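These are the residues of each chain, in order.
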Amino acid sequence: MTTKRVAVITGGASGIGRQSCLKFARKGDQVVVADFDGVRGQETVDLIAAEGGEALFVQTDVSKFEQVEALIEETVNRFGRIDVMFNNAGIGTPTPVLDQKLEDYHRIIDINQHGVAYGIIAAGKKMRELNIKGVIINTTSVFGVLASPGTFAYHATKGAVNMMTKSAALELSPYGIRVVGVAPGVVDTPIIQGYKDKGIIDAMKAKVMGNKLTQPEQLADAVYLLSLEEASAINGSVVMADEGYASFK
Ligand code: NAD
């Protein structure tokens, strides 16, 4: 009998995270849904259970290191291992740089940047301790490489995630642990509502293949592919999953 993989997915209550939880579970992995939204997080677990899959919800604020460590401990206590860590939870609200409130700036750094760092550190240590050749996948963004108006703090976090991905990949590769970034373009999830309200999304959509929003299921597919043994040559890379957004003029 082959051992089932165990995947921890942060931001699993919504959007890309929820669809990734469903995708990994449909493929036979045991899934740990982590999110600070308890109601919608449990809903993801119920959706998986309704399809006959196996999942656990652990309420987690990724901006608190002790909670991320507890998430990893609970995962291993329940399922005995951790093969995939998908650091995906994130927030983003459009704010011009000179209007940026410092408390909002710090909040976005705490979640989007420190949350990913904590996930890399806690999961990486556990994989090393258990001698598991796992994979850590971090959600970044086309805005980790491209500038756009009104997203100063968000850019800062995604640029940081790109470099944390490369740097962690370098240090974890001796243990057989891969670290990969996935960069979505414009995905139809609640996070883009603020941009929709400001009419920014229509202009962005025009740069995407087919002039449409990417669906979160498409991101889940990309993340699942990156998690596979067949993707073993992909390490330290930030893979664009943006339907051409960052490549088209
Ligand atoms: P979403 O709003 O649907 O999901 C984000 C999830 O993260 C929510 O369930 C939320 O509760 C959770 N979350 C927020 N703060 C948290 C915290 N401190 N601790 C735990 N959970 C927390 O948005 P999404 O589009 O699915 O976003 C997922 C990731 O994709 C984010 O990192 C986002 O920056 C990135 N991204 C999204 C797009 C897009 O167009 N939707 C584009 C590029 C990158």
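Residues numbered from 1 in each chain as written. Predicted model: local features only at pLDDT ≥ 70, side-chain atom pairs only at ≥ 80, totals over all residues.

**Student:** I'd like to hear about the packing of helix α3 (residues 65-79) against helix α4 (residues 102-129), residue by residue, with values.
**Tutor:** Between α3 and α4, the shortest axis-to-axis distance is 9 Å and the interhelical angle comes to 35°. Pair α3 / α4 crosses with right-handed handedness. Residues F65, V68, E69, I72 and V76 of α3 touch α4, and the partners they reach there are Y118, G119, A122, A123 and K126. Taken together, the residues of the contact of α3 with α4 sort by class into seven nonpolar, one polar and two charged. (Axes fitted to C-alpha atoms, helices over the stretch in contact; angles between N-to-C directions. Helix = DSSP H or I, 4+ residues; strand = E, 2+ residues; numbered from the N terminus. Left-handed = near helix turned anticlockwise from the far one by under 90°. Contact = placed C-beta atoms within 7 Å. Nonpolar A, V, L, I, M, F, W, Y, C, P; charged D, E, K, R; others polar.)

**Student:** Any chance you could break down the packing of helix α1 (residues 15-26) against helix α2 (residues 38-50) for me, citing the residues and the numbers?
**Tutor:** Two elements in contact, α1 and α2, have axes whose closest approach is 10 Å; the angle formed by their N-to-C orientations is 25°. In terms of axis orientation, α1 runs roughly parallel to α2. Between α1 and α2 lies a crossing of right-handed hand. Two secondary-structure elements touch here, α1 through R18, C21, L22 and A25 and α2 through T44, L47 and I48. Here the residues of the contact of α1 with α2 are counted per class, giving five nonpolar, one polar and one charged. (Parallel < 35°, antiparallel > 145°, perpendicular 65-115°, else oblique.)

**Student:** Describe the site of the ligand, with residues and values.
**Tutor:** Near the ligand there are 31 residues, and of these G11, S14, G15, G90 and T189 occur at the shortest range. Listing elements by their share of the shell around the ligand, those giving two or more residues are α1 and α4. For the shell around the ligand, the leading source of residues is α1, giving three residues. Taken together, the residues of the shell around the ligand break down into 14 nonpolar, 14 polar and three charged. (Near = placed C-beta within 6 Å.)

**Student:** Any details on the sheet that holds strand β3 (residues 55-59)? Residues and values, ideally.
**Tutor:** Ordered by their spatial adjacency, seven strands build an open sheet running β3-β2-β1-β4-β5-β6-β7, and the pairing between neighbours is parallel. Because the sheet does not close on itself, it has two edges, and the strands there are β3 and β7 (238-241). The average angle at which neighbouring strand axes cross in this sheet is 20°, direction not considered. When strand β4 (residues 84-87) meets strand β5 (residues 135-139), the two strands line up parallel, connected through four bridges. In the strand pairing of β5, M85 is matched with I136. Packed on one face of the sheet, α2 meets β2 (30-35) and β3 and runs near 175° to β3. (Pairing = 2+ DSSP bridges.)

**Student:** Summarise α4; cite the residues concerned and give the values.
**Tutor:** Counting along an α-helix, one turn takes 3.6 residues, and residues three or four places apart therefore face a common direction. Under the 1.5 Å per step criterion, the end-to-end length of α4 is 38 Å for 28 residues, consistent within 8% with the ideal 40 Å. Along α4, the sharpest kink reaches roughly 35°, centred on H114. Phi turns positive one or two residues past the end of α4, at N131, with a value near 55°. (Expected span 1.5 Å × (residues − 1). Bend = angle between axes of the 7 residues up to and from the residue.)

**Student:** So what's going on with the nonpolar core? Residues and values would help.
**Tutor:** Generally speaking, soluble globular proteins have nonpolar side chains that are buried together. Judged by nonpolar contacts, the single largest core of 65 residues is most densely connected at V8, C21, V31, V33, A123, I136 and V223. If near-sequence neighbours (up to four positions away) are discounted, V33 is found in contact with I9, G12, C21, G41, T44, V45, A55 and F57. (Core = buried A, V, L, I, M, F, W, Y, C linked by C-beta atoms within 7 Å. Buried ≥ 20, exposed ≤ 12 C-beta atoms within 10 Å, placed from the backbone.)

**Student:** With reference to specific residues and values, describe the pairing of β2.
**Tutor:** Counting buried residues in β2 gives six out of six residues, a clear majority hidden from the surface. Burial of β2 is two-sided: the residues Q30, V32 and A34 facing one way and the residues V31, V33 and D35 facing the other way are all buried. With five bridges joining them, strand β1 (residues 6-10) and β2 adopt parallel strand pairing. In the sheet register, T10 faces β2, and the bridge partner there is A34. Remark: the β1/α1/β2 crossover connection has right-handed handedness. Pairing geometry for β2 and β3, over five bridges, is parallel. Bridging from a neighbouring strand, V32 pairs with L56 of β3. Taken together, β2, α2 and β3 form a β-α-β motif whose crossover is right-handed. (Right-handed = clockwise from strand over helix to strand, strands pointing away.)

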